[in-house]
Amino acid sequence: MATAATCKPSLSGTLTTTGATGTSLVLTQQDDPADMSENLFAPDSSTSTDVEIGNENVKTALVSPSTEEYEILLKRLKDRIKIGQGETIYPIGTGEGDVPGLNVSDLEASIATLHTMAQTINADVIELRRKTEDKNLQVVEFLIRQRAEIDNFTEVRVAVVGNVDAGKSTLLGVLTHGELDNGRGYARQRLFKHKHEMESGRTSSVGNDILGFDSTGNVVNKPDHGNLDWIKICEESSKVITFIDLAGHERYLKTTVFGMTGHSPDFSMLMVGANAGVIGMCKEHLGLALALTVPVFVVITKIDMCPPNVLQDTLKLLQRILKSPGCRKIPVLVKSKDDVISSAMNFTSERICPIFQVSNVTGENLDLLQIFLNLLTPRIYCNESEPAEFQIDDTFSVPGVGTVVSGTCLKGMIKLNDTLLLGPDSLGQFIAIAIKSIHRKRMPVREVRGGQTASFALKKIKRSYIRKGMVMLSPAVEPVACWEFEGEVLVLHHPTTISTRYQAMVHIGSVRQTATIIWMSKEHLRTGDKATVRFRFIKSPEYLKPDMKLVFREGRTKAVGQTTRLFPHVHATAQNTRHHRARGHHTRPQNEPQKASKRNRNRNKNKTKDVAHFAENSVGKFASSSSKTSVEGVDDGQQPSVGPVVVNGS
């Protein structure tokens, strides 16, 4: 066995493979099979690596592989599916250094081999597209997706953002329920939670909706009397798309920012009304997604009621914004299935920005959007050996169950009856808590992995103890809460200047708390400035990590960045509690209030009134007793004596 650079292929009984670097490997019939297997699977042999790479990259690798080649190809397919978290796109007919395409007989043999490999790993093969090259040679791309277990489906989270009245809730209602809108808000009524949302037609809370795909890529959402059975959808699905429906109105920007940071979306779907264009909060939401490095794709709605010239103006403005130095995206107008597949394969690079044009009334191009959603894969890779980490974004109190928390598992694996550390509380401490039950999309499961959302029922704890922003960690992490942290901050907008002692709301993951600037690398910060800033939480300590995305806002002031340094300080916890302050512990001046609270001021006033009333009564009693004494003295022939009145020793 030798490389093509040192030996020429023989005329008979040879097998030539081409590696990733362009080198060819030649296997002759005279080679000893024992030596071949030894060289193929030797860990330190560069030759075995070349064979492995070459067998996969040559376009005829699947035509008639030997047993050893088949095992190598199967192993590489398993690795690709593991990296793709349950699926991968597998092309047939492409190879490095060869003319792309296979003839009909070789193509059929390759497809048969691929089906055999897929059956071995319990997966389905779906043909995505077929292209004809020169000389009637064909290239076919397949989607290979494993059949998921009932409680182990793949989950992809998509945040839906855009300006108010862009059609966000309407599009989700059409996608999840499979019925077109009537143009009067019929589809969105099923998604609203509150009465005022139904009356105004505007979303004010973070909503969750799911769209399930089975192993063959078909939608499994089938509403029963207008309602979706989430458990049935999850049981039949291999992949579930979770839509995080966020508010578009400026009044609810706080809720939208928390949905983008606390729910950890994999992708962001920016909705633009074709008749209104890129206006209002649309640019704000796009900038937020770019600051959090969330890949964005754009959906233009209402194309059925928009004049063609207005639609073209909207497209031109949108493409100019995406190409601007602040975005640096490559806009791609999706008009066919080939565009969808090409965009989905290159979407994870974060440079491609597909643009869909749909109508919720006529259903135009909705099938292309569904195909694109079916091909999305999660961005968070799960390593089950890492210590578990779960961030809490909501709490509930369920009758008969107790306290329930919901959130996202960021790392590791959490199983039923595991004991985790919950915290930090107002003192920066973590307590051990046991997991009583686990639910995913309303379906009971026994474990949850990194990148999945879930709800936990906790034992022996009150809901009032838990707040948004807390975390549940494996005891192996040994967590430490911090009051202060440093971050690299870029000011996007501020009407005047920012200096020390400035306070604003800080969003870091699911943490949402007001913080004070106690130090800056510059004296003042204005719009467009970048600096290192040190923050201090004003209410309670939080659990943070370096390199977490940071959003800093207050009114129209907006700044983004990431954490760079943490300052875990135990004594700072004692200095910020009233209990220790009441004992007379020494505290730093900046931790003391500037003036007494309203409650304390009223209490001091009452004390002053009580002292005055007591003094008045004492004077009256003393005067009455002295008058009696003086009268008795007069009767005895003595002169009355009047002395100074003494009250409380004064």
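A brief structural summary. Owing to the predicted nature of the structure, the values given are computational and were not obtained by experimental measurement. (Residues numbered from 1 in each chain as written. Predicted model: local features only at pLDDT ≥ 70, side-chain atom pairs only at ≥ 80, totals over all residues. Heavy atoms only, no water.)

## Section: helix α3 (residues 67-83)
Moving on, step 1. If you check α3, its first and last C-alpha atoms are 25 Å apart, about what 17 residues at 1.5 Å a residue would give, namely 24 Å.
Moving on, step 2. Residues of α3 that are buried: Glu69, Tyr70, Ile72, Leu73, Leu74, Leu77 and Ile81. (Helix = DSSP H or I, 4+ residues; strand = E, 2+ residues; numbered from the N terminus. Expected span 1.5 Å × (residues − 1). Buried < 20%, exposed > 50% of the residue type's maximum accessible area, 1.4 Å probe, protein only.)

## Overview of the sheet that holds strand β5 (residues 123-132)
Moving on, step 1. The antiparallel open sheet is built from three strands, whose spatial order is β4-β6-β5. With one partner strand each, in any of the chains shown, β4 (87-92) and β5 form the two edges of the open sheet. Taking the axes of each pair of neighbouring strands and ignoring which way they run, one obtains an average angle of 20° across the sheet.
Moving on, step 2. Pairing geometry for β4 and strand β6 (residues 138-146), over six bridges, is antiparallel. Its bridge partner lying in β6, Glu87 is registered against Arg145.
Moving on, step 3. Lying over the sheet, helix α11 (residues 337-346) contacts β4, β5 and β6, oriented at roughly 120° with respect to β5.
Moving on, step 4. Each of β4, β5 and β6 touches helix α12 (residues 366-375); the most contacted strand, β6, lies at about 65° to it. (Pairing = 2+ DSSP bridges. Axes fitted to C-alpha atoms, helices over the stretch in contact; angles between N-to-C directions. Contact = heavy atoms within 4.5 Å.)

## Section: the packing of helix α8 (residues 253-262) against helix α9 (residues 281-291)
Moving on, step 1. Two numbers describe how α8 lies on α9: the axes approach to 11 Å, and their chain directions differ by 25°. The orientation of α8 relative to α9 falls into the category roughly parallel. Our pair here, α8 against α9, has a crossing hand that is right-handed. Taking contact as the criterion, the partners of Leu253, Thr256, Val257 and Met260 in α8 are, on α9, Met281, His285, Leu288 and Ala289. (Parallel < 35°, antiparallel > 145°, perpendicular 65-115°, else oblique. Left-handed = near helix turned anticlockwise from the far one by under 90°.)

## A closer look at the pairing of strand β28 (residues 557-567)
Moving on, step 1. Sheet topology note: the strand β23 (residues 484-493)/β28 ladder contains nine bridges and is antiparallel. Counterpart to Glu488 in the pairing with β28 is Gln562.
Moving on, step 2. Where strand β27 (residues 549-554) lies against β28, six bridges are found, and the strand directions are antiparallel. Bridge assignment links Phe552 to a residue of β28, and that residue is Ala559.
Moving on, step 3. Two successive antiparallel strands, β27 and β28, enclose a turn made up of two residues, where Gly555 displays a positive phi of approximately 65°.

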